[in-house]
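Residue-level structure breakdown
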Amino acid sequence: MEINKIYNIDAFELLFEFDDNSADLIILDPNYQDWDKYCKDGLIVQSVRVLKPTGNILCFTKQPFDFNLRNEINDVFRREIVWTFTNGGAWVSNRMPLVSHQKIYHCVVDSKKSFFNSRTGVDYSVNTKDFKRNKKVFEGYEEEGKKFKKSKEGVWLRDHLHFNKPHTGKIPSKPQELYDILIKCYCPVGGIVLEPFSGSGNFAKSCVDQEKNYSGSELDKKVFDYSVKNINKHINNHIAKLF
């Protein structure tokens, strides 16, 4: 299968095309209400098969669709990242709070080998200064405070990320800034990112900017056509900046 391309096929067709231990990062972002079905059909099993020993899987979900997924990934679960936003709360109930966060389950097959770049590339706050931390004192133990110096690679990745949802109407999409951070931190340069539910195609734009390969699938023809145009426009702009 040709890489750096989105295909109008379903998620399993895409995964079946890849050999064992061949992907560096797999992003799973289906319609959340379908997670139970995909777990039963073996989506996690196939993703783990395709993943390199150094690879990562990121599963997007939210309550109440996260319970069975969390049980399904228990053997490979590593960390939960919370993505918050202040727009796009589509469901309003007078008996529950407005939803303003979703979850990203981080999974690995080997926590000692999995790739992780701790630096996000995001600039520090203008108020952040270099300084020396206070001395640590605890039950008779003392340790001199270490010097903090801002990294040229940006701030350290946190397990709470805040970006508002993009305005793409009925086209499923995640914020470009969110993809930029996740792909930078969980896929090496030259690696390959798989997105079997590619939606708007924004993940591929991050890959192009970061010199990483990608392959995705989108079964909905209207969404697929949008994603191809979205990615091609970004590629053309990227090339134009090089010359």
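1. Some points on the packing of aromatic side chains
Throughout the structure, instances matching the rule amount to 9 aromatic pairs. Look at phenylalanine 131 and phenylalanine 148: their rings are 5.3 Å apart centre to centre, the planes differ by 40°, and that puts the pair in the tilted class. Placement of the pair is phenylalanine 131 in strand β6 (residues 131-132) and phenylalanine 148 in strand β9 (residues 147-148), with a sequence separation of 17 residues. Residue phenylalanine 148 is classed as buried on the basis of its relative accessible area, which comes to 18%. Between phenylalanine 203 and tyrosine 214, the ring centres sit 6.0 Å apart and the planes meet at 85°, which makes this aromatic pair edge-to-face. Of this pair, phenylalanine 203 sits in helix α6 (residues 202-209) while tyrosine 214 sits in strand β12 (residues 213-217), and the two are 11 residues apart along the sequence.

2. Overview of the environment of glycine 154
Structurally, glycine 154 can be placed in the loop between β9 and β10 (160-162). In this structure, the C-alpha to C-alpha distance between glycine 154 and lysine 113, residues 41 residues apart in sequence, is 23 Å. Setting aside anything within four residues of it in sequence, one finds glycine 154 in contact with Arg119, Gly121, Val122 and Tyr124.

3. Quick word on the nonpolar core
Formed by 55 residues in total, the largest nonpolar core has its most connected members in Leu28, Trp35, Cys59, Leu182 and Phe203. For this core, the element with the highest residue contribution is helix α5 (residues 176-186), accounting for 7 residues. Not counting chain neighbours up to four residues away, the residues in contact with leucine 182 comprise Leu25, Leu58, Phe60, Ile81, Ile104 and Leu161.

4. What to know about the pairing of strand β2 (residues 23-28)
Remember that side chains alternate between the two faces of the sheet whenever the strand is regular. Counted residue by residue, β2 has 6 buried out of 6 residues, so it is predominantly covered. Bridge count for β2 against strand β11 (residues 192-195) is 2 bridges, and the pairing is parallel. Of the residues in β11, the one forming a bridge with isoleucine 26 is leucine 194.

5. Side note on the packing of α6 against helix α7 (residues 221-242)
Direction vectors running N to C along α6 and α7 enclose 20°, while the axes themselves pass 9 Å from each other. Taken together, the axes of α6 and α7 lie roughly parallel to each other. Crossing handedness for the pair α6 and α7: right-handed. Along its contact with α6, which presents Asn202, Ala204, Lys205, Val208 and Asp209, the element α7 presents Asn230, Ile231, His234, Ile235 and His238.

Quick notes on the rules
- Residues numbered from 1 in each chain as written.
- Predicted model: local features only at pLDDT ≥ 70, side-chain atom pairs only at ≥ 80, totals over all residues.
- Heavy atoms only, no water.
- Phe/Tyr/Trp six-rings, centres within 6.5 Å; stacked < 30°, edge-to-face > 60°.
- Helix = DSSP H or I, 4+ residues; strand = E, 2+ residues; numbered from the N terminus.
- Buried < 20%, exposed > 50% of the residue type's maximum accessible area, 1.4 Å probe, protein only.
- Contact = heavy atoms within 4.5 Å.
- Core = buried A, V, L, I, M, F, W, Y, C linked by side-chain atoms within 4.5 Å.
- Pairing = 2+ DSSP bridges.
- Axes fitted to C-alpha atoms, helices over the stretch in contact; angles between N-to-C directions.
- Parallel < 35°, antiparallel > 145°, perpendicular 65-115°, else oblique.
- Left-handed = near helix turned anticlockwise from the far one by under 90°.

Purely geometric numbers; function is a separate question.
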